[in-house]
Amino acid sequence: MNDNLHQLRCFGCGVRIRGDQAGSIFRCKECGDLFEVEYPGWGLVGGTDRPNAGALKWLWRERRASSELLDRSGVWRFRELLPILDSFGNAVTLQEGNTPLYHLPRAAKALGVDQLFAKHQGMNPTGSFKDTGMTAALSVAKERGFEWVACASTGNTSAAMAAYAARAGLKCLVLIPQGKIAWGKLSQAMDYGAVTCQLNTDFDGCVRVLSTIVQQAPIYLLNSVNPYRLEGQKTPALEIAEYFDWSVPEHILVPGGNLANSAALGKGLREMKALGLISRLPKISVIQAEGANPLVRSFAANDGQKLEPVAAHTRATAIRIGSPASWRKAAHAIHETGGWCLDVSEGEIAVAKAELGREGIGSEPASAVTLAGLKKLVAQGKVAPSDTVVLLLTGHTLKDADYTIDFHRGTLLRPEEAEPVLPMMEPLRRDAVEVEATPDAVLKALKEIQGRWV
């Protein structure tokens, strides 16, 4: 590894080590906290290892027209900002990244916000934002000679890891919580050849089991405690800044599960500002589900200084995590940028997901917490009409098709969950209508429902 270009710094006590000294569980031996990748040469203005902002902007734009494999990746196109490999020829890529930024005119009008966008990370190769981190961390595993990689997962991580492991010719182990994973995600891991074990526990229990396994066998851990995952996951921040010609939006809203995504985006934005690529930081706000909201509770109790795990319950399976590993990093990103941390109900998530669908944009339930959270921030006066807002959508709608079907059939929520949002929910439902197989019957049905569906 290029240890002359990067090192690992403990986010808790600040101790610095070489990349190959991190250990199998990526926890600091001094204090037990997580590491993050650091590039010492970037701190000296005019130093030979410090990237030149103007030259990088030109180079990255030119690469968009390149047919070279690494240049087609929205992660490795920015490889000057993640020099984590001895040779970029060892990078394992499925041409991830370069995901679309969609304007949301309906939602913007309803909220009174002029510029509202969705950065859809669900348009990655395996259908979630995890691909951007997996290409980076699995490339490190390959370069270091590992034959096995592993993760605990609520679904998206397992799909991404299995795909990239297959691409690299590596073997992979997936631990998932029994009965608490969307089948669309599990089917991906199976299809890509993963050894998949369902454990009779929750996600956090799977993490505990896997932490012991990787200390007993030569298996490379690819959960988000791995700091190289976050190096790939910071690149959507670069794409957003590039889209706005390096003038960043006022707000970026991120779903909060294991919290590595918000931590990674915060790191990427912080590095861009330090290097002169952008002049200010947008506010990063983390949105959680009410039943899986340990960071929200932490901010309410002690301003994000200490976190108590919770028993997580939400239908948004991708963020059903009660003991998030990257909570300190996420809290730092919120504090540093002046953002907020809040939660939304199951009904609010369901409505927001359907509203995104009415924009022609499908997302998994966990993604919709960002739109639901934005509604609350607007109502609280924390987002101005003139602000530019970007919602992070983390997964594709087909990741959890059963959720969508249950919503439109009216079977998703319990009565007490649906009651507060029923007036908003009913006009959004589009259950299939059974009619006779004749043109007249279809036209009659169309006339009958025209007044009900808007």
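Residues numbered from 1 in each chain as written. Predicted model: local features only at pLDDT ≥ 70, side-chain atom pairs only at ≥ 80, totals over all residues. Heavy atoms only, no water.

Enquirer: Which parts of the structure should I look at to understand unusual backbone geometry?
Expert: Note on backbone geometry: most residues besides glycine have negative phi, and most peptide bonds are trans. The backbone of Phe 26 sits at a positive phi, close to 55°, despite the residue not being glycine. Structurally, Phe 26 is set in the loop between strand 2 (16-17) and strand 3 (35-38). Residue Phe 26 is classed as buried on the basis of its relative accessible area of 2%. Unusually for a residue other than glycine, Gln 95 sits at a positive phi of about 60°. (Helix = DSSP H or I, 4+ residues; strand = E, 2+ residues; numbered from the N terminus. Buried < 20%, exposed > 50% of the residue type's maximum accessible area, 1.4 Å probe, protein only.)

Enquirer: Can you help me understand the sheet that holds strand 1 (residues 7-10) in this one?
Expert: Consider a sheet: its strands pair through backbone hydrogen bonds, and that pairing is either parallel or antiparallel. Read across the open sheet, the 3 strands follow the order 2-1-3; overall the sheet is antiparallel. Strands at the two margins of the open sheet, each flanked by one partner only, are strand 2 and strand 3. Sheet topology note: the strand 1/strand 2 ladder contains 2 bridges and is antiparallel. Across the sheet, Arg 9 pairs through a bridge with Arg 16, a residue of strand 2. (Pairing = 2+ DSSP bridges.)

Enquirer: Honestly, the state of the cysteines in this entry has me stumped. Any pointers?
Expert: Cysteine pairs can be covalently joined through their sulfur atoms, and such a bond is termed a disulfide. The full count for this structure, using the stated rule, is 0 disulfides. Considering cysteine sulfurs only, Cys 151 is the nearest to Cys 172, which forms no disulfide, with 7.5 Å between them. Unpaired in this structure, Cys 206 has its nearest cysteine sulfur neighbour in Cys 197, at a distance of 9.6 Å. (Disulfide = S-S within 2.5 Å.)

Enquirer: Help me understand the pattern of salt bridges, please; the structure alone is not making it clear to me.
Expert: Pairing between side chains of opposite charge can happen when their charged atoms approach one another. Under the defined criterion, the tally for this structure stands at 25 salt bridges. Ionic pairing is found between Asp 71 and Arg 63, a salt bridge with its closest N-O pair at 3.6 Å. Of the charged contacts in the structure, one is a salt bridge between Lys 267 and Glu 231, with a shortest N-O distance of 2.8 Å. Taken together, the residues Lys 267 in helix 9 (residues 260-274) and Glu 231 in helix 7 (residues 227-233) connect sequence positions 36 residues apart. For the pair formed by Lys 267 and Glu 231, the shared burial category is buried. Here the residues in one salt-bridge network are Arg 315, Glu 346, Arg 414, Glu 416 and Glu 417, joined through shared partners. (Salt bridge = Lys/Arg side-chain N within 4 Å of Asp/Glu carboxyl O.)

Enquirer: Just to check I follow, could you spell out the side chain of Ser 262 for this structure?
Expert: Its location among the elements puts Ser 262 in helix 9. Owing to a relative accessible area of 0%, Ser 262 belongs among the buried residues under this scheme. Polar side-chain contacts of Ser 262 include one of 3.2 Å to the backbone oxygen of Leu 259. (Polar contact = N/O pair within 3.5 Å; in protein donor to acceptor, adjacent residues only side chain to side chain.)

Enquirer: It is not clear to me how a nonpolar patch on the surface should be interpreted in this structure. Could you clarify?
Expert: Residues Val 433, Val 435 and Val 442 make up a contiguous nonpolar surface patch of roughly 220 Å² in combined accessible area. One can find Val 442 in helix 17 (residues 439-450). (Patch = residues over 30% accessible without salt bridge, like charges linked within 9 Å, V, L, I, M, F, W, Y side chains within 5 Å. Areas by Shrake-Rupley, 256 points an atom, 1.4 Å probe, with all protein chains shown as cover.)

Enquirer: Please clarify how the nonpolar core should be interpreted in this entry.
Expert: A general tendency of soluble globular proteins is for nonpolar side chains to be buried together. Trp 76, Ile 84, Leu 138, Val 149 and Met 272 are the most contacted members of the largest nonpolar core, which has 83 residues in total. Among the elements that make up this core, the one with the highest residue count is helix 4 (residues 156-168) (7 residues). (Core = buried A, V, L, I, M, F, W, Y, C linked by side-chain atoms within 4.5 Å.)

Enquirer: Is there a simple way to explain the layout of surface pockets in this structure?
Expert: Unoccupied space between atoms shows up once a probe the size of one water molecule is rolled over them. Of the pockets and cavities examined, the largest pocket occupies roughly 470 Å³. If you go around the largest pocket, you meet 21 residues; those closest to its centre are Arg 27, Val 207, Val 225, Ser 323 and Ala 325. Breaking the lining of the largest pocket down by element, the ones donating at least two residues are helix 6 (203-216) and helix 11 (327-337). Of all the elements, helix 6 adds the most residues to the lining of the largest pocket, at 6 residues. Here the second largest pocket is characterised by a volume of approximately 290 Å³. Forming the boundary of the second largest pocket are 13 residues, of which Arg 106, Ala 107, Ala 110, Glu 355 and Leu 428 lie nearest the centre. Breaking the lining of the second largest pocket down by element, the ones donating at least two residues are helix 2 (105-111), helix 12 (346-358) and helix 13 (365-379). (1 Å grid on protein atoms, 1.4 Å probe; cavity = no way out; pocket = protein on both sides within 12 Å on 5 of 7 lines; lining within 4 Å. Points joined across faces, edges and corners; volume = space filled by probe spheres on them.)

Enquirer: Would you explain the pairing of strand 5 (residues 115-120) in this entry?
Expert: Each regular strand carries side chains that alternate between the two faces of the sheet. With 5 of its 6 residues buried, strand 5 lies for the most part within the structure. Relative to strand 13 (residues 388-393), strand 5 runs parallel, the two being bridged by 6 bridges. Note that in strand 13 the partner of His 120 across the bridge is Leu 393.

Enquirer: Looking at this structure, how should I read the environment of Gly 179?
Expert: Along the chain, the position of Gly 179 falls in the loop between strand 7 (171-177) and helix 5 (183-191). Taking C-alpha positions, Gly 179 is 8.2 Å from Gln 198, a pair spaced 19 residues apart along the chain.

Enquirer: Can you walk me through the packing of helix 3 (residues 130-143) against helix 4 in this structure?
Expert: Packed helices, taken two at a time, are described by the angle between their axes plus the distance between the axes. For the pair helix 3 and helix 4, interaxial distance at closest approach is 9 Å and the crossing angle is 45°. For the element pair helix 3 / helix 4, the angle class is oblique. Seen along the crossing, helix 3 lies across helix 4 with a hand that is right-handed. The residues of helix 4 that touch helix 3, namely those facing Lys 130, Asp 131, Met 134, Thr 135, Leu 138 and Lys 142, are Asn 156, Thr 157, Ala 160, Met 161, Tyr 164, Ala 165 and Ala 168. Of the residues that constitute the contact of helix 3 with helix 4, the class distribution is 7 nonpolar, 3 polar and 3 charged. (Axes fitted to C-alpha atoms, helices over the stretch in contact; angles between N-to-C directions. Parallel < 35°, antiparallel > 145°, perpendicular 65-115°, else oblique. Left-handed = near helix turned anticlockwise from the far one by under 90°. Contact = heavy atoms within 4.5 Å. Nonpolar A, V, L, I, M, F, W, Y, C, P; charged D, E, K, R; others polar.)

Enquirer: Would you mind showing me how to read helix 3 here?
Expert: Residues spaced three or four apart along an α-helix face the same direction, because each turn holds 3.6 residues. Taking 1.5 Å of rise per residue, the 14 residues of helix 3 would be expected to cover 20 Å, and the 20 Å separating its terminal C-alpha atoms lies within 8% of that figure. Taking burial as the measure, the 14 residues of helix 3 include 13 buried ones, the bulk of the element. Gly 145, located one to two residues past helix 3, shows a positive phi value of around 90°. (Expected span 1.5 Å × (residues − 1).)

Enquirer: Quick question: what am I supposed to make of the sheet that holds strand 6 (residues 148-152) here?
Expert: Across the sheet, 4 strands lie side by side as 8-7-6-9; this open sheet has parallel pairing. Since the sheet does not close on itself, it has two edges, and those belong to strand 8 (195-199) and strand 9 (219-221), each with one partner. Within the sheet, the average angular offset between the axes of one strand and its neighbour, ignoring direction, is 25°. The pairing of strand 6 with strand 9 spans 3 bridges and is classified as parallel. The residue bridging Trp 148 from the neighbouring strand is Ile 219, located in strand 9. Its contacts with the sheet place helix 4 against strand 6 and strand 7, and it is angled at close to 170° to strand 6.

Enquirer: For this particular structure, what's the right way to read the packing of helix 12 against helix 13?
Expert: Orientation of helix 12 relative to helix 13, taken along the N-to-C sense of each, is 100°, at an axis distance of 7 Å. In this view, helix 12 runs roughly perpendicular relative to helix 13, as classed from their interaxial angle. Side by side, helix 12 and helix 13 meet where Glu 348, Ile 349, Val 351, Ala 352, Lys 353, Glu 355 and Leu 356 of the first sit next to Pro 365, Ala 368, Val 369, Leu 371, Ala 372, Lys 375 and Lys 376 of the second. Considered class by class, the residues forming the contact of helix 12 with helix 13 number 9 nonpolar, no polar and 5 charged.

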